[in-house]
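A structural walkthrough
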Amino acid sequence: MLMNLFKFKGGVKPPTNKTQSVGLPIAVAPIPSRLVVPLHQSIGGTPRPVVQVGDKVLKGQLIGEADGWISAAVHAPTSGTVIAVDMQVQPHPSGLDAMSVVIEPDGQDQWIDRQPFDYTNAAPEAVREYLQQSGVVGLGGAVFPTHGKLTPSKTVPMEELVINGAECEPFITCDDLLMRERAEEVVRGVGIFRDLLKPKKVLIGIEDNKPEAAEAMRAAVQAIGEDFEVVPVPTLYPAGGAKQLIRVLTGKEVPAAKRSTDLGVQCFNVATAYTAWRAIAHGEPVVSRLVTVTGNVHTPRNYEVLIGTPMDELLDLAQPNPDTDGIIMGGPMMGFLVPERSVPVVKATNCLIAHNERLFPPKAPEMPCIRCGSCARACPHELQPFEMYWFSRAKNFGKTQEYHIFDCIECGCCSFVCPSRIPLVQYFRFAKSEIWAREREKNAADGAKTRFEFKQFREEREKAEKAEKLAKAAAAQAAKKAAEAAAAAASENTGENAAPAGEPAAPASVAVDAEKAAKMATIQAAMERAKAQRAAAQPKNTETLSAAQQKDIDDIEARRQAALSSVPPAESGEKTE
Amino acid sequence: MEIVLAIAIMALGAVVLGASLGFASIKFKVEGDPLVDKIDAILPQTQCGQCGYPGCKPYAEAIAKGEEINKCPPGGAEGVQRLADLLGREVKPLDAEEKPKQIAIIDEQTCIGCTLCIQACPVDAIVGAAKQMHTIVAQLCTGCELCLPPCPVECIRMEPIAETIDNWKWKYPVVEIKPESAAASMKEAA
């Protein structure tokens, strides 16, 4: 089976450091003391929490409902009690917190009622929705909801389905171990994707430094009787980038601002295929994943870890050396130091590297760019990092976009080769987030402007309407007055002149009189009503009195009478003085 | 004779060119002032009136007529910089103090439902009705503070927008040299 492979430009060969963690088989990590499950674990809308504090949850129970189509559900990783639904620190370079569900496990690890999903008889839409409800997302690192990638393009026929088992980043071996130990389930998961997308062929790309994984996959493909091709690809970072792997396997280059589906290619990670199969065949939503724990630890190996496990508890299983001073989530090229050791493992966590200064010596200070062009030669996307660097540094973001900064996949090849040790990727990330912030601000400003203009327009309209109404009322008033004046003149005329001239005016005056009388009558009626109301409003608490109260009142009245009769003389006396 | 012909040709040319210019000025007439629109696009559209004009558009018009470019506090120093770039004027320090982005928040316990703030809000970001509690739609609030003075019970306060994972930005990787330390090192050197 000879296959013509293609090459992508650039790439680097960092020390792979993978052998440390492949010696031991996958171990299942014990249930931790508590689980912090962030709701926002995939690209797209933040799922809404559907549990409350105090709720008992079972393993696999829905705790976050997908918000919109590009969003995936979140499930309880084990059975237990919800002890908080609040903001928790996230495994994110910002160190900020986000909405999370905190679960105290009860140790039973009791599953919900798991039902396999009969996908062969289900409509493709139903399968996609089922995968969304099961929380299946891309586990290669980008965590894009998988169901969103399973709709074939209507115009372009699906040529190739690329399954990404390259795992190019140093230190990480979780996909390697997954393929070695669970190849059959991976292949069956690939079968689901194949059935949904109906490509002409399926290519499973595995870097040639993982011969055991490739062998296991080949065996599994044969055992199941599929016609997938397992293709070893040359080990070159970042061969595992989606666009790079597509390039290597199919020779197709995905242009900027286009999706691979526009060229008839779609790409999935092997771990994604595995979780999709678990969800379909076993009714198990994504509640755990494989994580490589390596670096400055005594026994590096791969663990099957519940989502939400605190990283420090997981790291302790591998016995970190005492000089460990941090945890890197992801690989050394694209990963970042987590802000706190206790942040949870999420669906995007493929690797934890215990950090120390021997393994990752502090970077020497940044020197000026000497325009050597090494970064441009290393860039797998054929960008010009040095140009983007200057413009990012000068905060000239328009220019960085002209140099296609948004095509940068932040793989870190440029920073890796830079002889001046410039942290190029940091500059690009800075520029990208500034551009996004500006975009948001611009949109907000445009929205505010249209709302302001609409408010002004509405006020004008209301003013005009009011003026119109007033004008109408004034016109009616004027017309009435004119009519009255005319009527008065007419009645005068009838008074002065005798019968013949007055006859046409007479009905008008009668009408006016009748109108007047009616008006008077209504006024009279209103006054009557007001009087009646006043009368009704008189105090009424003196009507039902007991005999004793009546007697008291009579006594008081009598005293008052007596006093009144006695006072006048004195008063008159005073007055006379 | 020749001289008459020459004059006639020149006159004919003048007439033709004049007619085509006149036609072009009608045919390709630009509605409104494009410069004002460009300035308006830079202004932050908070409609706060802190510049002394009733809204961003009037201020944009005034800038086009020669008004100073440093009177927009919500636009900040960066806004002044962009206006200066657009207009080819000199960058001036902002005429007021620059504040972090804020939004208004109504204390719903104290609100008496007088609707005065609703009338004051330039972007219709406040919902409520007479004698009903009002509230501010946070996404639409521009932080213009125009609702603060009309409130009779002072139940509106301004709060800076908190940083979340969604609006967090990567920091500028260059460590900036602060003027104080520079001054100190200068002193040491001396």
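Every value quoted in this text rests on a predicted model; they were computed, and no experiment measured them. (Residues numbered from 1 in each chain as written. Chains lettered and ligands numbered in written order. Predicted model: local features only at pLDDT ≥ 70, side-chain atom pairs only at ≥ 80, totals over all residues.)

Focus: the overall build of chain A
Looking only at helices and strands, chain A has 15 helices and 17 strands in total. Projected onto the principal axes, the alpha-carbon positions of chain A cover approximately 130 × 80 × 60 Å. Here chain A, with 577 residues, has 40% of them falling under the buried criterion. Long-range contacts, defined as pairs at least 24 residues apart, comprise 72% of the intrachain contacts of chain A with a sequence gap of at least 6. (Helix = DSSP H or I, 4+ residues; strand = E, 2+ residues; numbered from the N terminus. Buried ≥ 20, exposed ≤ 12 C-beta atoms within 10 Å, placed from the backbone. Contact = placed C-beta atoms within 7 Å.)

Overview of the interface of chain B and chain A
Taken together, the contact between chain B and chain A spans 20 residues of the former and 20 residues of the latter. Here the side of chain B that touches chain A is built from residues that sort into 10 nonpolar, 6 polar and 4 charged. (Nonpolar A, V, L, I, M, F, W, Y, C, P; charged D, E, K, R; others polar.)

Remarks on the packing of helix 2 (residues 174–181) of chain A against helix 4 (residues 211–224) of chain A
Residue and element names in this part refer to chain A. Contact geometry for helix 2 and helix 4: axes closest at 7 Å, N-to-C directions at 35°. Our pair here, helix 2 against helix 4, has a crossing hand that is left-handed. Within the contact between the two elements, helix 2 uses Asp176, Met179 and Arg180 and helix 4 uses Glu212, Ala213, Ala216 and Met217. Classifying every residue of the contact of helix 2 with helix 4 gives 4 nonpolar, no polar and 3 charged. (Axes fitted to C-alpha atoms, helices over the stretch in contact; angles between N-to-C directions. Left-handed = near helix turned anticlockwise from the far one by under 90°.)

Looking at the pairing of strand 8 (residues 97–105) of chain A
Relative to strand 8 of chain A, strand 2 (residues 35–38) of chain A runs antiparallel, the two sharing 4 bridges. Bridge pairing in strand 8 of chain A places Leu35(A) opposite Ile103(A). (Pairing = 2+ DSSP bridges.)

Considering the domain arrangement of chain A
All names here are of chain A. Per the domain assignment, the segments making up chain A are domain 1 (118–282) and domain 2 (364–483). A straight line from the C-alpha centre of domain 1 to that of domain 2 covers 35 Å. Taken together, the contact between domain 1 and domain 2 spans 5 residues of the former and 6 residues of the latter. Residue classes in the side of domain 1 that touches domain 2 are distributed as 3 nonpolar, 2 polar and no charged. (Domains from an automatic or database assignment.)

Focus on the sheet that holds strand 14 (residues 301–306) of chain A
All names here are of chain A. Here we have 6 strands laid out as an open sheet, ordered 1-14-13-17-15-16, and mixed in their pairing. On the outer flanks of this sheet lie strand 1 (27–28) and strand 16 (336–337), each paired with one strand and no other. Across 4 bridges, strand 15 (residues 326–329) lies against strand 17 (residues 351–355) in antiparallel orientation. Opposite methionine 329, over in strand 17, you have leucine 352 as the bridge partner.

Describing helix 3 (residues 183–197) of chain A
Residue and element names in this part refer to chain A. The end-to-end C-alpha separation of helix 3 is 21 Å, in line with the 21 Å expected for 15 residues at 1.5 Å each. Most of helix 3 is tucked away, with 11 of its 15 residues classed as buried. Ala183, Val186, Val187, Arg188, Gly189, Val190, Gly191, Ile192, Phe193, Leu196 and Leu197 are the residues of helix 3 that are buried. (Expected span 1.5 Å × (residues − 1).)

A closer look at the confidence of the model for chain B
Residues and elements named next belong to chain B. Within chain B, residue pLDDT values average 86, and 92% of them lie at 70 or more. Taking the mean pLDDT of every element in chain B, the minimum, 51, falls on helix 6 (residues 179–189) and the maximum, 94, on helix 1 (residues 2–27). Model confidence for the complex is summarised by a pTM of 0.79, with the ipTM given as 0.79. (pLDDT = per-residue confidence, 0-100.)

So, the sheet that holds strand 8 of chain A
Ordered in space as 2-8-7-4 (chain A), the 4 strands form an open sheet in which the pairing is antiparallel. Each having just a single partner strand, strand 2 and strand 4 (56–57) of chain A make up the two edges of the open sheet.

Digging into the packing of helix 2 (residues 34–42) of chain B against helix 4 (residues 76–87) of chain B
Residue and element names in this part refer to chain B. Contact geometry for helix 2 and helix 4: axes closest at 10 Å, N-to-C directions at 160°. In this view, helix 2 runs roughly antiparallel relative to helix 4, as classed from their interaxial angle. Helix 2 and helix 4 meet at a crossing whose hand is right-handed. Residues Lys38, Ile39 and Ile42 of helix 2 form the contact with helix 4, whose participating residues are Gly79, Arg82, Leu83 and Leu86. Residues of the contact of helix 2 with helix 4, tallied by class, amount to 4 nonpolar, 1 polar and 2 charged. (Parallel < 35°, antiparallel > 145°, perpendicular 65-115°, else oblique.)

Overview of the nonpolar core
Ile163(A), Met217(A), Ala273(A), Val291(A), Leu314(A) and Leu352(A) are the most contacted members of the largest nonpolar core, which has 128 residues in total. Of the residues that make up this core, three or more belong to each of domain 1 (118–282) and domain 2 (364–483) of chain A. When near neighbours in sequence (up to four residues on either side) are disregarded, Ile163(A) contacts Val190(A), Val202(A), Leu203(A), Ile204(A), Gly205(A), Phe268(A), Val270(A) and Ala273(A). The next biggest cluster of nonpolar side chains, apart from the first, holds 15 residues, and it includes Ala448(A), Phe452(A), Cys144(B) and Cys151(B). (Core = buried A, V, L, I, M, F, W, Y, C linked by C-beta atoms within 7 Å.)

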